[in-house]
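Here is what each chain is made of, one letter per residue.
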Amino acid sequence: MIFDAFVQKAVAPDIKLDLKDLKTYYAQHAQQYTSPKLLRIKSLIFGKRSDAVAAIDKLKKGTDFNWLGSNAAGQLDPDTMGILNFDGQLITLSSLSESLQKAVSGAEAGDFRLYESPLGQFYVLYIYQVVPAKLQPFEEVRQEIAQKVFKDKMKASIALWAEKLKEYYPVKIYRTDLQR
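Every value quoted in this text rests on a predicted model; they were computed, and no experiment measured them. (Residues numbered from 1 in each chain as written. Predicted model: local features only at pLDDT ≥ 70, side-chain atom pairs only at ≥ 80, totals over all residues. Heavy atoms only, no water.)

Sorry if this is basic, but what is going on with the overall build of the protein here?
Assigned secondary structure in the protein consists of 6 helices and 6 strands. When its helices and strands are written in sequence order, the protein yields α-α-β-β-α-α-β-α-β-β-β-α. By the compact-globule yardstick of 16 Å for 180 residues, the protein is too spread out, its C-alpha radius of gyration being 28 Å. Considering only C-alpha atoms, the protein reaches an extent of 85 × 40 × 25 Å along its principal axes. A buried classification covers 25% of the 180 residues belonging to the protein. The long-range share in the protein, meaning contacts at least 24 apart out of those at least 6 apart in sequence, stands at 72%. Carbon and sulfur atoms form 54% of the exposed surface of the protein, whose accessible area is close to 12900 Å². Both charge centroids of the protein, one from 25 positive and one from 21 negative side chains, sit 4 Å from each other. (Helix = DSSP H or I, 4+ residues; strand = E, 2+ residues; numbered from the N terminus. Rg over C-alpha atoms; globule rule 2.2 N^0.38 Å. Buried < 20%, exposed > 50% of the residue type's maximum accessible area, 1.4 Å probe, protein only. Contact = heavy atoms within 4.5 Å. Areas by Shrake-Rupley, 256 points an atom, 1.4 Å probe, with all protein chains shown as cover. Lys, Arg positive; Asp, Glu negative; His and termini not counted. Charge placed at Lys NZ, Arg CZ, Asp CG, Glu CD.)

Now the structure itself:
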């Protein structure tokens, strides 16, 4: 209780937050305030690379994706064990495997990509929507940032007070193997 009273009376009043501190924190931690890139993907799955390449050629020439999905030869049954299901739900780019991320890297809405899975299946990926990553506006996260900056400044100030106290009152540390 005494420590808390000391912090509230001696440390906290000296901590000042200014807009510059908040904006600096926001800029340095922009990744935390950015929504991830999202994709909507549909897929056709083939057992042979040549069938998948032929499907992509047809799609690039204007064949309807859904029609091709119903009529293309060499497709694998969607219930086959190990098949990835891309049913058009929004998915985050970061949730995909590294090799799949590489396959769709730089894709824009309307692109077709070929992906070979580690199990030897060939996916024709139709990226039909891309929602770019978006940084939240500063005003929306200002309160959260203010709390974090205040907490950081509070820790730093308490550490300074602890160092000052150590100058006047010797401290002996008997055990260093304890973790907090």
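Where do I start with the nonpolar core in this structure?
Soluble globular proteins: nonpolar side chains tend toward being buried together. Core analysis: the largest hydrophobic core is formed by 14 residues, its most contacted members being I41, F86, V104, Y123, L125 and I127. Sorting the residues of this core by element identifies β2 (38–46), α5 (98–104) and β5 (122–131) as the ones contributing at least two each. Apart from the residues within four sequence positions on either side, I127 is in contact with L39, R40, I41, V104, A107, E108, A109, G110, D111 and R113. (Core = buried A, V, L, I, M, F, W, Y, C linked by side-chain atoms within 4.5 Å.)

Which parts of the structure should I look at to understand the pairing of strand β4 (residues 111–116)?
Along any regular strand, the residues point their side chains to alternate faces of the sheet. Relative to β5, β4 is paired through 6 bridges, and the arrangement is antiparallel. The partner of R113 across the bridge, within β5, is L125. Taking the residues between adjacent antiparallel strands as the criterion, β4 and β5 are bridged by 5 residues, where G120 takes a positive phi near 90°. (Pairing = 2+ DSSP bridges.)

Mind showing me how you'd approach the confidence of the model for the protein here?
As a note on interpretation, predicted positions should not be read in detail where pLDDT is low. In the predicted model, the protein carries a mean pLDDT of 87, and the fraction of residues at 70 or more is 92%. The secondary-structure element of the protein with the lowest mean pLDDT is helix α1 (residues 2–11), recorded at 67, while helix α3 (residues 49–60) shows the highest, at 96. (pLDDT = per-residue confidence, 0-100.)

Got a minute to help me understand a nonpolar patch on the surface in this structure?
A grouping of L165, Y168 and Y169 is seen on the molecular surface, where their side chains present a nonpolar patch of about 400 Å² in accessible area. Structurally, the position occupied by Y168 is in helix α6 (residues 138–168). On the basis of relative accessible area, Y168 is assigned to the exposed category, the value being 63%. (Patch = residues over 30% accessible without salt bridge, like charges linked within 9 Å, V, L, I, M, F, W, Y side chains within 5 Å. Salt bridge = Lys/Arg side-chain N within 4 Å of Asp/Glu carboxyl O.)

Just to check I follow, could you spell out the side chain of S43 for this structure?
With respect to the element layout, S43 can be found in strand β2. For S43, a relative accessible area of 16% puts it in the buried group. Among all residues touching S43, those that are not within four sequence positions of it are F65, L84, F86, Y123, V124 and L125.

What am I meant to see in the packing of helix α2 (residues 19–28) against α6 here?
Relative placement of two packed helices is described by the angle separating their axes and the distance separating the axes. Taken N-terminus to C-terminus, the directions of α2 and α6 make an angle of 100°; their axes are 9 Å apart at the nearest point. On the basis of their axis angle, the class for α2 and α6 is roughly perpendicular. Here α2 contributes L19, D21, L22, K23, Y25 and Y26 to the contact with α6, which in turn contributes F138, V141, R142, I145, A146, K148, V149, D152 and K153. (Axes fitted to C-alpha atoms, helices over the stretch in contact; angles between N-to-C directions. Parallel < 35°, antiparallel > 145°, perpendicular 65-115°, else oblique.)

Help me understand the sheet that holds β2 in this model?
The pairing of strands in a sheet happens through backbone hydrogen bonds and is either parallel or antiparallel. Pairing is antiparallel in the open sheet, where 4 strands are placed in the order β3-β2-β5-β4. Among the strands making up the open sheet, the edge pair consists of β3 (87–92) and β4. Geometrically, the sheet is characterised by an average inter-axis angle of 35° between neighbouring strands, direction not taken into account.

Sorry if this is basic, but what is going on with the environment of V53 here?
Within the fold, V53 resides in helix α3. Given the relative accessible area of 34%, V53 is considered partly exposed. As for V53 and F122, which are separated by 69 residues in sequence, their C-alpha atoms are 9.0 Å apart.

Quick question: what am I supposed to make of the environment of V149 here?
Summarising the element assignment, V149 is placed in helix α6. Once the C-alpha coordinates of V149 and Y25 are considered, the two residues, 124 residues apart in sequence, prove to be 7.4 Å apart. Excluding its chain neighbours within four sequence positions, the residues that come into contact with V149 are L17, D21, L22 and Y25.

Is there a simple way to explain the pattern of salt bridges in this structure?
Any two side chains of opposite charge can pair, on the condition that their charged atoms come close. Scanning the model with the defined rule gives 5 salt bridges in all. Across the salt bridge formed by D21 and K153, the nearest N and O atoms sit 2.5 Å from each other. Of this pair, D21 sits in helix α2 while K153 sits in helix α6, and the two are 132 residues apart along the sequence. Residue D21 is classed as partly exposed on the basis of its relative accessible area, which comes to 25%.

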